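# Commentary on secondary and tertiary structure
Read off the chains here:
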Amino acid sequence: MSVTRKQRKFNGWLIGLTGGLGCGKSAVAAIFREFGVLSIDSDAIVHDLLNSDTDVAKAIRGRFGSDLLVPPDGINRSRLAEVVFRSPAELEWLEGLLHPRVRGAWQAWAALHEGRTRIVEIPLLFEKNLEKYFELTVCVSAGPRQQLSRLTSRGLSEEQIRARSSRQLPLEEKIRSADFVLSNSGSLNSVRKQILLLNRGLNLF
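The present account deals with the structure reproduced in this document.

Quick notes on the rules
- Residues numbered from 1 in each chain as written.
- Predicted model: local features only at pLDDT ≥ 70, side-chain atom pairs only at ≥ 80, totals over all residues.
- Heavy atoms only, no water.
- Disulfide = S-S within 2.5 Å.
- Buried < 20%, exposed > 50% of the residue type's maximum accessible area, 1.4 Å probe, protein only.
- Core = buried A, V, L, I, M, F, W, Y, C linked by side-chain atoms within 4.5 Å.
- Helix = DSSP H or I, 4+ residues; strand = E, 2+ residues; numbered from the N terminus.
- Contact = heavy atoms within 4.5 Å.
- Salt bridge = Lys/Arg side-chain N within 4 Å of Asp/Glu carboxyl O.
- Axes fitted to C-alpha atoms, helices over the stretch in contact; angles between N-to-C directions.
- Parallel < 35°, antiparallel > 145°, perpendicular 65-115°, else oblique.
- Nonpolar A, V, L, I, M, F, W, Y, C, P; charged D, E, K, R; others polar.
- 1 Å grid on protein atoms, 1.4 Å probe; cavity = no way out; pocket = protein on both sides within 12 Å on 5 of 7 lines; lining within 4 Å.
- Points joined across faces, edges and corners; volume = space filled by probe spheres on them.

Let us look at the state of the cysteines. Tallying each qualifying case throughout the model produces zero disulfides. Free cysteine: Cys23, not disulfide-bonded; nearest cysteine sulfur from Cys139 at 6.7 Å. The exposure class assigned to Cys23 is buried, which follows from its relative accessible area of 0%.

Below, the structure is given as structure tokens:
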């Protein structure tokens, strides 16, 4: 995508941050925060919904049974993931329940902080055609070795990694779709330097 029309700062940039599994999106978002950029993580919003939204808990209980509930009314995320990643239909149902709420939450957050540069971390940014909501999209990339190491360090099995990867676009396609790419195959200091170069051209912060 051409970024010619984006070469000036709007009333605070709204940036969609994405990347492949294990590429370190959250680490990159943390570096942006070091420079005063605000950020919100869509996965964290999902976590809050599963833990505290009674309507979500009621819908999931009605769909999958009460064994997925954790007192007082939260959801066992690991168990839920096991169920939905085995069934495309169940995954589609869950995304239909959660994604509109997630989008509403980060849009409200972005509106609240209008005038500041804001980053929304969204793993499925391009998969769900959410790039249209942003002035700029940034993809975090990493090599396969780094990705696998990071994912296994989180305790994910090869089967779980394959299941999660199957619902995402290949990293190469995300890279082609993004306005800018940040490589996170090396040190975090290298990422900081890339972010500073990006800021020099776009006046993000």
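Our next topic: the nonpolar core. One finds Ile60 and Leu80 to be the most contacted residues of the largest nonpolar core, which totals 53 residues. Take this core: its biggest share by element is eight residues, from helix 5 (residues 88-112). Setting aside residues up to four positions removed in sequence, Ile60 forms contacts with Leu50, Gly65, Leu68, Ile75, Leu80, Trp93, Leu94 and Leu97.

Scanning the model with the defined rule gives seven salt bridges in all. Here Arg167 ties to Glu95 by a salt bridge, and the two come within 2.4 Å at their closest N and O atoms. A residue pair is termed long-range when its members are at least 10 positions apart, and Arg167 in the loop between helix 7 (158-165) and helix 8 (171-177) and Glu95 in helix 5 qualify at 72 residues. The exposure class of Arg167 is partly exposed, given its relative accessible area of 27%. Each of Glu95, Lys128 and Arg167 takes part in one network of salt bridges that share partners.

Attention shifts here to the packing of helix 3 (residues 54-64) against helix 5. Where helix 3 contacts helix 5, the axes come no closer than 11 Å and their chain directions differ by 170°. Between helix 3 and helix 5, the angle is such that the two are roughly antiparallel. Contacts between helix 3 and helix 5 involve Asp55, Val56, Ala59, Ile60, Arg63 and Phe64 from the former and Ala89, Glu90, Trp93, Leu94, Leu97, Leu98 and Arg101 from the latter. Class assignment of the residues belonging to the contact of helix 3 with helix 5 gives a composition of nine nonpolar, no polar and four charged.

When its volume is computed, the largest pocket comes out at roughly 1,400 Å³. Lining of the largest pocket is provided by 41 residues; of these, Asp43, Arg77, Phe85, Arg164 and Arg167 occupy positions nearest its centre. Elements represented by at least two residues in the lining of the largest pocket include exactly helix 1 (25-34), helix 2 (42-52), helix 4 (77-84), helix 5 and helix 7. Of the residues forming the lining of the largest pocket, the biggest block, eight residues, is contributed by helix 5. Residue composition of the lining of the largest pocket, by class: 19 nonpolar, eight polar and 14 charged.

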